[in-house]
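Reading the structure
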Amino acid sequence: MKTFLTITIVIMLHVPFAFGDEVDQGLSNMATEQMKVNTRKMIDAGVPGEDAIKITRMMIQSLFRQEHTLKVQQILLSVVGEDLPIEPFMYKVYEGIAKNAPDEIVVRAMEKTRARHSFAYRHARRIATDSARVQGIANAVAGSLSAGMDYPDADRIMESIRVRTHQMTQNRIEELTL
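Model, not experiment: these values are computed from the prediction.

Each value, and the rule that gives it
- Residues numbered from 1 in each chain as written.
- Predicted model: local features only at pLDDT ≥ 70, side-chain atom pairs only at ≥ 80, totals over all residues.
- Heavy atoms only, no water.
- Salt bridge = Lys/Arg side-chain N within 4 Å of Asp/Glu carboxyl O.
- Buried < 20%, exposed > 50% of the residue type's maximum accessible area, 1.4 Å probe, protein only.
- Axes fitted to C-alpha atoms, helices over the stretch in contact; angles between N-to-C directions.
- Helix = DSSP H or I, 4+ residues; strand = E, 2+ residues; numbered from the N terminus.
- Parallel < 35°, antiparallel > 145°, perpendicular 65-115°, else oblique.
- Left-handed = near helix turned anticlockwise from the far one by under 90°.
- Contact = heavy atoms within 4.5 Å.
- Nonpolar A, V, L, I, M, F, W, Y, C, P; charged D, E, K, R; others polar.

A look at the pattern of salt bridges
Within this structure, the stated rule accounts for 10 salt bridges. Ionic pairing is found between arginine 65 and glutamate 67, a salt bridge with its closest N-O pair at 3.8 Å. For glutamate 67, a relative accessible area of 53% gives the class exposed. As a salt-bridge pair, lysine 99 and glutamate 95 come within 2.9 Å of each other at their nearest N and O atoms. Relative accessible area serves as the criterion here: at 60%, lysine 99 is assigned to the exposed category. Exposure remark for glutamate 95: the relative accessible area of 34% places this residue in the partly exposed category.

Written as structure tokens, this is what we have:
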């Protein structure tokens, strides 16, 4: 019985190493160690493993320079840390790759997207508490900024809405904001 238990424990301890982790399997020899470390950090932070590996692999295959791949990974980590939705940022990378845009332009576009969404979510969270309402308001604000509204005007409008909504119901707040 002791022998069986010992063998079982030894096998259980070695099985994970035999298969490697999903990052090593998904990126194999194509990624540098730092890219793999950042991919694991993204997964640990909440980015689905399949998405983290896919976006890293796509950047490598599209010949992104290592510094830009690492920068994109850092932006995605900070987006998760700010509790912003990750999809617009992933789409920005996919769009850049599909358009064959230079990697430094993709990084700049992601930074602009992050600035817009950070601004929009910060203001939306001051107005609403329900996550669906926050998302709706933030998407409207981010869309307005993307369409050309400047930050000072958006800031004034959102502050005006926040003041006016103090005594409104949540439904009226969202209607007014949108």
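Here we look at the packing of helix H4 (residues 49–61) against helix H5 (residues 66–81)
Geometry of a packed helix pair, given as the angle between the helix axes and the separation of the axes. It is at 10 Å that the axes of H4 and H5 come closest, and there the two elements cross at 155°. Taken together, the axis directions place H4 and H5 in an arrangement best described as roughly antiparallel. H4 and H5 meet at a crossing whose hand is right-handed. Within the contact between the two elements, H4 uses Ile55, Thr56 and Met59 and H5 uses Thr69, Val72, Gln73 and Leu76. A per-class count over the contact of H4 with H5 returns four nonpolar, three polar and no charged.

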